[in-house]
Amino acid sequence: MSKTKQSTTAFVQKPSVLATGFALTLMMAQSAYAQQPAAAAKKDEKVDKIEVTGTRIPPPNLEGASPVTVIDAAAIKVDGLVQVENLLNNLPQVFAAQGSNISNGATGTATVNLRGLGTARTLVLVNGRRLPPGSPRIWAADLNQIPAALVKRVEILTGGASSVYGSDAVAGVVNFIMNDKFEGVQIDLNQSGYNHEQGNSVSSIVAGRAATNPAQFKVPGDKSFDGKIFDMSLTLGSSFDGGRGHAVAFLGYQKADALLQSERDYSACALGSNAAGFVCGGSGTNATGNFIPLSGGLGSFTIADSNGTTRAFNGALDQYNYGPLNFFQRPAERHTFSTFAHYDINDKARVYTEFNFHDDRSVAQIAPSGIFGQIATVSFDNPLLTASSRAALGLTAAGQTRDVLILRRNVEGGPRQDDIRHTSYRGVAGIKGELVKNWDYDLYAQRGEVIYQSTYKNEFSVERTLRALDVVRDPTTGAAVCRSATNGTDASCVPFNLWRLGGITPDQLAYIQGQGFQRGFTSQSIVGVSLSSDLGYMGWKLPGAKNGVGVAFGAERRSDQLELDTDRSFETGDLAGQGGPTIDVGGKVKVKEIFAEARVPILEGQPMADYLNLSASVRRSDYNTGVTTDTWGLGLEYAPVKDYRFRGSVSRAVRAPNVVELFAAQGLGLYDNDADPCAGATPLRSLADCQRTGVTAAQYGNIIDNPAGQYNALFGGNPNLKPEKADTFTLGLVATPFKNFSATLDYFKVEVDDVVGTVAPTITLQQCLDTGSPTFCSLITRDQIGSLWALTTARIVSTNQNIASLKTEGYDIGANYSMKLDGGWGGLNFNMTGTYMTKSEVEPLKGLGKYDCVGLYGPNCGTPTPEWRHKFRATWNTPWNLDLSLTWRYFDAVLLDRTSSNPLLRGTVNSVDRELAQQNYIDLSAAYNINKMFTVRAGINNITDRDPPLSAQVGAGFGNGNTYPQVYDAVGRRIFVNFTAKF
């Protein structure tokens, strides 16, 4: 298979180039967009123009036609969160994505998913400019690059913004505004961890299994303080040269401890379910082996003792409990460095630069690797076989052989660990000011790069395993040796003795175990220029308006590049626990864009028209892939009186396919399903139905199913993809009916067509069984034993296509109220933001039909989509330098998607999986100003130590530990303390 990639030499040289750029960056005066509200200024003092997320034209009323949610630094500190993804996940508009609580399938990054439309459709900005792609494994921006302590506020614009910011802003924009005007010296120290009392009903199930299998099942005790995270930072800022320049520098360090699933009773076993309730399930690839002879009518067996005695394999008792060894919180260590500065050359020109660096290393740990269904030819003459094993294999005479399917967990070698490291550099340099009177310019260049390294440890080599299982007797010494050693194929081969418990030795593991290496980078280069003006000075002002027509236009050129290099073990699929090969990928996409915006005040200060404004934006993008796109947006704001303002917007947004979607090589991966309906002694579907999927009459009723519910699929890229198109619509009301109170109500609708995705293998299989359509049945290949998982020849094709459509619809509600208490008791502040979802519709394949995921979770809908979700906070600003806050976070209940009557979703439901109950979390925090220099904050999140809702159906989406840890508070009561010193 051909690969598009750069040479290794070019890759190695990258860091030195970036180091040079870093040195040059520090030599320049540095700054960012001035997006803070302007303070009162003295006469002749220069005041920065204010910019609002969603437009390049500073609007006179500091707001725009599209709804923007703002989180300020004070709110960030109240939450006590130092990991940016958790801060955003607390918002009703944000759905779970990659984060520190994901272990199986972790990329080592943290991402944001607005409206549940996917991380690739959410654009992340820093001071109004793009954050580069996060990793060669996932294109979405990595929030770990953002230093939380330096964030001044976060502005979240939902709805399409492609005409302003370009591709990817389909669901909206998350703009991190950094504190680049900081003055003084500030030290922040943070310590947090979890306190948890066990007592979930699952503990009795685990205890029941522990009675017969104490090695794999243990009920943990209460935890006083675990999963600790320590964070510290230093911020320095000062003006210089009489106020003409300003510089800020930031240094940060964070260390997170590992937290295993074994440390919580509800995750101490991998849950399965049946009609009676939860059971401790697991994998058929177990600790003592699962041996399945493929002929002779023999049943599966396992090894019972150190003498090699065999017994029948018992699925209920012998399954491997893989859950406890998975991380609930990945250990990580992170270093961050950022600088911002600007210098006014004169009244017409300001030079500015930014530089951001982060180095993050994290380890994702899951259960041990092993032999995951390899077919080995075993001979009667194998000297390691015991008499019991020969009898179980039906081997009765010298020279006889038997093909046997082997599943055996590498419990001797320890868990699999993916040691992941990301190192990023981002630099911005530019000049802005007044070109001519009333015409402002901004010319800048930006370069970002993320260097990725991964070492995957404690894997099994498929090739070496087969050699180590093919054992003969040395004709000279009589010792057991590998056949490959005697014939010269592999002199280093060591026989693998899995035919008796305790038979595996360190030298055997040293031969069979291996590790895989991946490395690569993503890079993004942008050059842009813009001009803006208020044309009122030229008389371009409507008769009923006080302000003139505002315009902005410009051009950008962006280049996105990705490269991933994998070693032979990954590329050939030789690592048994990877589910298939990981193949090199590389490519570059370039785009040239021009854009324009206009803001037209129509009426101002008129009867029943305090403010009426029309805004418009347009962008044309020309990609080197041969694709040209046009995006646009229209907005209208109308305030009949000052206290009530209506706003609405409509836009066409696009998302061009990224490098991964276009150029990823095709290779095998795994998908989850309850069962193969054509497997087992009594298949769920008829012979005729199963024959449509490739089952023969001889195989029917004899196909071995995968007890872990994982099956093979072929995934990969497609260079012929088209851009996604989205139509977005918002309509809202902003009201301030009385003093100190404001409320917002916004309706949103986003429809995305030509969605890049894959036909879910479960849908392909179901459609083939139900209809026999060649379109679906041709995508299914069963292996020689009829399974969809045992051998690498088994697969369901699921490569990228423009196949789907998405639609989301609902209402955002916000309210703020403050009041002063009588008698000198300080004041109270109340804040609430909530989202009511009315639609989250998916059409997985055009013409197939649609299903709505509102109020659902599960194999097809993935992450829970609650109908209603809110965050309410009340703060008491006491007269004693003490602020007390109470926060109420609420999630509606969600049902398993199989409960739906929609034929694309409905299926078998066990009552214990039917619902994830509503969740109420109460958080308390306090901040005490010791004096002007020192502040102490402390808090408890999830003060009642509420356990997360559990299900055996969380494999899809971002499930981990029998729940969704990036959605719910998964590991208990969180305690945090913060100390800030400012000089």
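Residues numbered from 1 in each chain as written. Predicted model: local features only at pLDDT ≥ 70, side-chain atom pairs only at ≥ 80, totals over all residues. Heavy atoms only, no water.

All right, on to the overall build of the chain then. Across its full length, the chain holds 15 helices and 50 strands. The C-alpha atoms of the chain give a radius of gyration of 30 Å, which matches the 30 Å a tight globule of 983 residues would have. A total of 983 residues make up the chain; the buried ones form 57% of that total. Restricting the contact set of the chain to residue pairs at least 6 apart, pairs at least 24 apart contribute 74%. The centroid of the 89 positive side-chain charges in the chain is displaced by 3 Å from the centroid of its 92 negative side-chain charges. (Helix = DSSP H or I, 4+ residues; strand = E, 2+ residues; numbered from the N terminus. Rg over C-alpha atoms; globule rule 2.2 N^0.38 Å. Buried < 20%, exposed > 50% of the residue type's maximum accessible area, 1.4 Å probe, protein only. Contact = heavy atoms within 4.5 Å. Lys, Arg positive; Asp, Glu negative; His and termini not counted. Charge placed at Lys NZ, Arg CZ, Asp CG, Glu CD.)

The next subject is a positive patch on the surface. On the surface, Arg557, Lys588, Lys590 and Lys592 cluster together into a positively charged patch. If one sorts the elements of the positive patch by residue count, strand β30 (residues 585-606) sits on top with three residues. Its location among the elements puts Lys588 in strand β30. (Patch = residues over 30% accessible without salt bridge, like charges linked within 9 Å, V, L, I, M, F, W, Y side chains within 5 Å. Areas by Shrake-Rupley, 256 points an atom, 1.4 Å probe, with all protein chains shown as cover. Salt bridge = Lys/Arg side-chain N within 4 Å of Asp/Glu carboxyl O.)

In total, this model carries five disulfides according to the counting rule given. Between the sulfur atoms of Cys678 and its disulfide mate Cys690 the distance is 2.1 Å. Across the S-S bond linking Cys678 and Cys690, the dihedral sits near -95 degrees, which makes this disulfide left-handed. Note that Cys678 is positioned in the loop between β34 (667-672) and α13 (687-692) and Cys690 in helix α13, a separation of twelve residues in sequence. (Disulfide = S-S within 2.5 Å.)

Turning our attention to the packing of aromatic side chains. Under the criterion given, the structure shown has 24 aromatic pairs. Note on Phe240 and Tyr343: the rings are 6.0 Å apart at their centroids and 10 degrees apart in plane angle, and the pair reads as stacked. Taken together, the residues Phe240 in strand β11 (residues 223-240) and Tyr343 in strand β20 (residues 332-346) connect sequence positions 103 residues apart. The interplanar angle of 55 degrees and the centroid separation of 6.4 Å between the aromatic rings of Phe337 and Phe355 together place this pair among those described as tilted. Of this pair, Phe337 sits in strand β20 while Phe355 is found in strand β21 (residues 349-368), placing the two residues 18 residues apart along the sequence. Counting every residue linked through ring pairs, the aromatic cluster contains Phe738, Phe741, Tyr817, Phe830 and Phe872. (Phe/Tyr/Trp six-rings, centres within 6.5 Å; stacked < 30°, edge-to-face > 60°.)

What follows deals with the sheet that holds strand β5 (residues 129-130). What links the strands of a sheet is backbone hydrogen bonding, and the strands pair in either a parallel or an antiparallel sense. Ordered in space as β1-β8-β9-β4-β5, the five strands form an open sheet in which the pairing is mixed. The sheet is open, and its two edges are formed by β1 (68-72) and β5, each paired on a single side. With seven bridges connecting them, strand β8 (residues 151-158) and strand β9 (residues 172-178) associate as antiparallel partners. Within β9, the residue paired with Val151 across the bridge is Met178. (Pairing = 2+ DSSP bridges.)

Right, let's get into the sheet that holds strand β46 (residues 894-896). Overall, mixed pairing links the three strands, which are arranged β43-β46-β47 in an open sheet. Two strands in the sheet have a free side with no partner beyond their single neighbour: β43 (856-857) and β47 (915-916).

Looking at the element boundaries, Asn718 is found in the loop between β35 (710-715) and β36 (724-735). The exposure class assigned to Asn718 is buried, which follows from its relative accessible area of 12%. Of the polar contacts made by the side chain of Asn718, one reaches the backbone oxygen of Asn800; its length is 3.3 Å. The residues touching Asn718, leaving out its near neighbours within four places in the chain, are Glu661, Leu662, Asn800 and Gln801. (Polar contact = N/O pair within 3.5 Å; in protein donor to acceptor, adjacent residues only side chain to side chain.)

Take the pattern of salt bridges next. Counted according to the given criterion, the structure contains 48 salt bridges. For the salt bridge of Arg153 with Glu155, the shortest nitrogen-to-oxygen distance reads 2.8 Å. Of the two residues, Arg153 and Glu155, neither departs from the other in class, the shared state being buried. Arg361 is the salt-bridge partner of Asp419, the closest N and O atoms lying 2.5 Å from each other.

Looking at the element boundaries, Arg795 is found in strand β39 (residues 795-797). Taking C-alpha positions, Arg795 is 4.8 Å from Asn712, a pair spaced 83 residues apart along the chain. Setting aside its immediate chain neighbours within four residues, Arg795 contacts Leu668, Asn712, Leu714, Leu779, Ile780 and Thr781.

Okay, the nonpolar core next. Ranked by size, the top nonpolar core spans 74 residues in total, and within it Ile71, Leu88, Leu143, Val154, Ile156, Val174 and Phe176 carry the most contacts. Sorting elements by how many residues they give to this core places helix α14 (residues 761-771) first, with four residues. Once you skip the residues sitting within four places of it in the chain, Val174 turns out to touch Leu88, Val112, Leu114, Thr122, Leu123, Val124, Leu125, Val154, Glu155 and Ile156. Residues Leu384, Val404, Ile406 and Val494 belong to the second largest nonpolar core, which totals 28 residues. (Core = buried A, V, L, I, M, F, W, Y, C linked by side-chain atoms within 4.5 Å.)

Turning to α14, a few remarks are in order. Counting buried positions over the eleven residues of α14 gives eight, a clear majority of the element. Those residues of α14 that sit buried are Pro761, Thr762, Ile763, Thr764, Leu765, Gln767, Cys768 and Leu769. Packed against the buried residues of α14 are β34, α13, β35, α15 (774-777), β38 (780-781) and β39. At the C-terminal side of α14, Gly772 shows a positive phi close to 70 degrees.

Every buried residue belonging to helix α8 (residues 462-469) is among Thr465, Ala468 and Leu469, and all of these are buried. Buried residues of α8, viewed axially, fall in a sector of 95 degrees; they line one side. Contact partners of the buried residues in α8: β22 (370-379), β23 (401-409), β25 (439-460), β26 (471-473), β27 (480-482) and α10 (506-512). (Arc of directions from axis to C-beta.)

Attention now moves to unusual backbone geometry. Working note: non-glycine residues mostly have negative phi, and peptide bonds are mostly trans. Positioned with a positive phi, Asn458 is a non-glycine residue whose angle comes to about 65 degrees. For Asn458, the location among the structural elements is in strand β25. The class for Asn458 is partly exposed, based on a relative accessible area of 22%. Positive phi values are uncommon outside glycine, yet Asp945 reaches one of about 55 degrees. Using a relative accessible area of 9% as the deciding quantity, one classes Asp945 as buried.

With that settled, the discussion passes to the pairing of strand β14 (residues 271-274). In the case of a regular strand, side chains alternate between the two sheet surfaces. Inspection of the sheet shows β14 paired to strand β15 (residues 277-280) by four bridges, in the antiparallel sense. Residue pairing across strands places Leu271 opposite Cys280, the latter belonging to β15. The loop that links β14 with its antiparallel partner β15 comprises two residues.

With that settled, the discussion passes to the pairing of β22. Counted residue by residue, β22 has seven buried out of ten residues, so it is predominantly covered. Examined bridge by bridge, β22 and β23 share nine bridges and lie antiparallel to one another. Each bridged residue has a counterpart across the sheet, and for Thr377 the counterpart in β23 is Asp403.

Moving on: a nonpolar patch on the surface. A cluster of nonpolar side chains, namely Val618, Trp632, Leu634, Val650, Phe729 and Leu731, defines an oily patch on the protein surface of about 490 Å² accessible area. Within the secondary structure, Trp632 sits in strand β32 (residues 628-641).

Along the chain, the position of Val936 falls in strand β49 (residues 934-941). Taking the C-alpha atoms as reference, Val936 lies 60 Å from Ser787; in sequence the two are 149 residues apart. Residues contacting Val936, with those up to four places away along its chain left out, are Ala926, Ala927, Tyr928, Ile930, Asn978 and Phe979.

Bringing the confidence of the model for the chain into the picture now. For the chain, per-residue confidence averages 90 on the pLDDT scale, and residues scoring 70 or more make up 94% of the total. Between residues 1-47, whose pLDDT stays under 50, and residues either more than four places distant or in other chains, the model counts 103 contacts. (pLDDT = per-residue confidence, 0-100.)

This part covers the environment of Asp947. Note on placement: Asp947 falls in the loop between β49 and β50 (973-982). On a C-alpha basis, the gap between Asp947 and Arg264 in space is 9.6 Å, while along the polypeptide they are 683 residues apart. Engagement of the side chain of Asp947 in a polar contact is seen with the side chain of Asn200, the distance being 3.0 Å.

Attention now goes to the side chain of Asp142. Looking at the secondary structure, you find Asp142 in the loop between β7 (138-141) and β8. For the buried Asp142, which has no salt bridge, the nearest side chain bearing the opposite charge is Arg334, at an N-O separation of 6.7 Å. From its side chain, Asp142 meets the backbone nitrogen of Asn144 in a polar contact 3.0 Å long. Setting aside residues up to four positions removed in sequence, Asp142 forms contacts with Gly108, Thr109, Ala110, Leu131, Pro132, Gly134 and His358.

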